[in-house]
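Summary of structural features
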Amino acid sequence: MTVSVWRGKEEGGYEEFQVPFVEGQTILDLLTHIQRSVDSSLSYRFACRVGMCGSCAMQVNGKPRWTCRTLVSNVVQNDRLTLEPLANLPVVKDLVVDMEPFFDKWQEAKGRFEPAESAVQEFAPIKPQDKQRAKVDEAIECINCGCCYAACDVVESNPAYLGPAALNRAWSLINDAKDFANPERLKAVSGDGGCQNCHTNSQCVARCPLQLNPTRSIAGLKKTVALATLKGEI
Ligand code: SF4
Ligand code: SF4
Ligand code: FES
């Protein structure tokens, strides 16, 4: 196969590598082959190699994908592949992006669990069949890979937009009976970069490797923000 790989930072160019096709090979295997056997200066990121850590995402033939679980045979076209750093994030080097803006937005969306005000407060037991808990059964499985963020055209056009992953995280916490920061969180997700910017075209859903549905989470946020506004709570 011919694999075209982005080299450099924001400024750079594509370098072509000839890589043997091996049955069952993933995109990450292919990069490991290039780094070990052809060019040890190639930079890319991974950790778990089994679809748990979310660190290996990049653009594969123009689409964000987790590379440790993407089989080459499923994406190769005419014996060619193009690999680029994840879109909508600054490039550090080659296929490595700076995830700081992505996680800054989690902070802006108040994506951190805030426990009970008092250490002696009763711990809320939550049953799996609880209605509020069931609303976020999917959303809590996010592995922070950034594929949805890279696929979102609103993120691309509006740097202030919090993006699907941070809003999905806020939705998880808003439905967590053990969390105590919802008024501030609702304000955070309804500001200039908030949930109302989402135009619901579900590109984030299409690209999530876990088939999660950030669009649905954002719709839940929009409704909750509207109700809180009507009640004068925010
Ligand atoms: S549905 Fe909303 S968050 Fe998802 S890609 Fe579209 S604009 Fe972005
Ligand atoms: S919602 Fe899906 S695509 Fe987005 S960061 Fe989480 S796991 Fe990745
Ligand atoms: S290396 Fe961890 S998800 Fe791919």
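The rules behind each value
- Residues numbered from 1 in each chain as written.
- Chains lettered and ligands numbered in written order.
- Predicted model: local features only at pLDDT ≥ 70, side-chain atom pairs only at ≥ 80, totals over all residues.
- Heavy atoms only, no water.
- UniProt positions renumbered as here; feature names shortened; annotations may be inferred.
- Near = heavy atom within 4 Å.
- Nonpolar A, V, L, I, M, F, W, Y, C, P; charged D, E, K, R; others polar.
- Axes fitted to C-alpha atoms, helices over the stretch in contact; angles between N-to-C directions.
- Helix = DSSP H or I, 4+ residues; strand = E, 2+ residues; numbered from the N terminus.
- Parallel < 35°, antiparallel > 145°, perpendicular 65-115°, else oblique.
- Left-handed = near helix turned anticlockwise from the far one by under 90°.
- Contact = heavy atoms within 4.5 Å.
- Core = buried A, V, L, I, M, F, W, Y, C linked by side-chain atoms within 4.5 Å.
- Buried < 20%, exposed > 50% of the residue type's maximum accessible area, 1.4 Å probe, protein only.
- Phe/Tyr/Trp six-rings, centres within 6.5 Å; stacked < 30°, edge-to-face > 60°.

In the annotation of an unreviewed UniProt entry, the chain is listed under the name Succinate dehydrogenase iron-sulfur subunit and assigned to Marinobacterium aestuariivivens. On record in UniProt, under Pathway (unreviewed entry), the comment for the chain is "Carbohydrate metabolism; tricarboxylic acid cycle; fumarate from succinate (bacterial route): step 1/1." Annotation of the chain in UniProt includes, under Sequence similarities (unreviewed entry), the sentence "Belongs to the succinate dehydrogenase/fumarate reductase iron-sulfur protein family."

A short note on the site of ligand 2
Around ligand 2, the surrounding shell consists of Cys142, Ile143, Asn144, Cys145, Gly146, Cys147, Cys148, Ala165, Cys208, Pro209 and Pro214. In terms of residue class, the shell around ligand 2 is built from nine nonpolar, two polar and no charged.

Points about the packing of helix H7 (residues 164-174) against helix H10 (residues 214-230)
Relative to each other, H7 and H10 sit at 60°, their axes nearing to 8 Å. Classified by the interaxial angle, the pair formed by H7 and H10 is oblique. Read as a crossing pair, H7 and H10 show a hand that is left-handed. Here H7 contributes Pro164, Leu167, Asn168, Trp171 and Ile174 to the contact with H10, which in turn contributes Pro214, Ser217, Ile218, Gly220, Leu221 and Thr224. Broken down by class, the residue content of the contact of H7 with H10 amounts to seven nonpolar, four polar and no charged.

Looking at the nonpolar core
One recurring pattern in soluble globular proteins: nonpolar side chains tend to sit buried together. Membership of the largest hydrophobic core comes to 58 residues, with the highest contact counts inside it found for Leu30, Leu81 and Leu83. Not counting the four nearest positions on each side in its chain, Leu81 is found in contact with Met1, Thr2, Val3, Ser4, Ile27, Leu30, Val60, Asn61, Val72, Val75 and Val76.

Focus: the side chain of Ser4
With respect to the helices, strands and loops of the structure, Ser4 is situated in strand S1 (residues 2-8). Residue Ser4 is classed as buried on the basis of its relative accessible area of 8%. Setting aside its immediate chain neighbours within four residues, Ser4 contacts Tyr14, Glu15, Glu16, Arg80, Leu81, Thr82 and Leu83.

Concerning the packing of aromatic side chains
Inspection of the entire model under this criterion finds six aromatic pairs. When the ring of Trp6 is compared with that of Tyr14, the centres are 5.0 Å apart and the planes differ by 80°; the resulting orientation is edge-to-face. A residue is classified by how much of its surface remains accessible, and Trp6, at 14% relative accessible area, is buried. Under the relative-accessibility criterion, Tyr14 is labelled partly exposed at 45%. Centre to centre, the rings of Phe102 and Phe103 are 4.9 Å apart; their planes meet at 80°, and the pair counts as edge-to-face. The class for Phe102 is buried, based on a relative accessible area of 1%. Among the aromatic residues, ring-to-ring pairing joins Phe102, Phe103, Trp106 and Tyr149 into one connected group.

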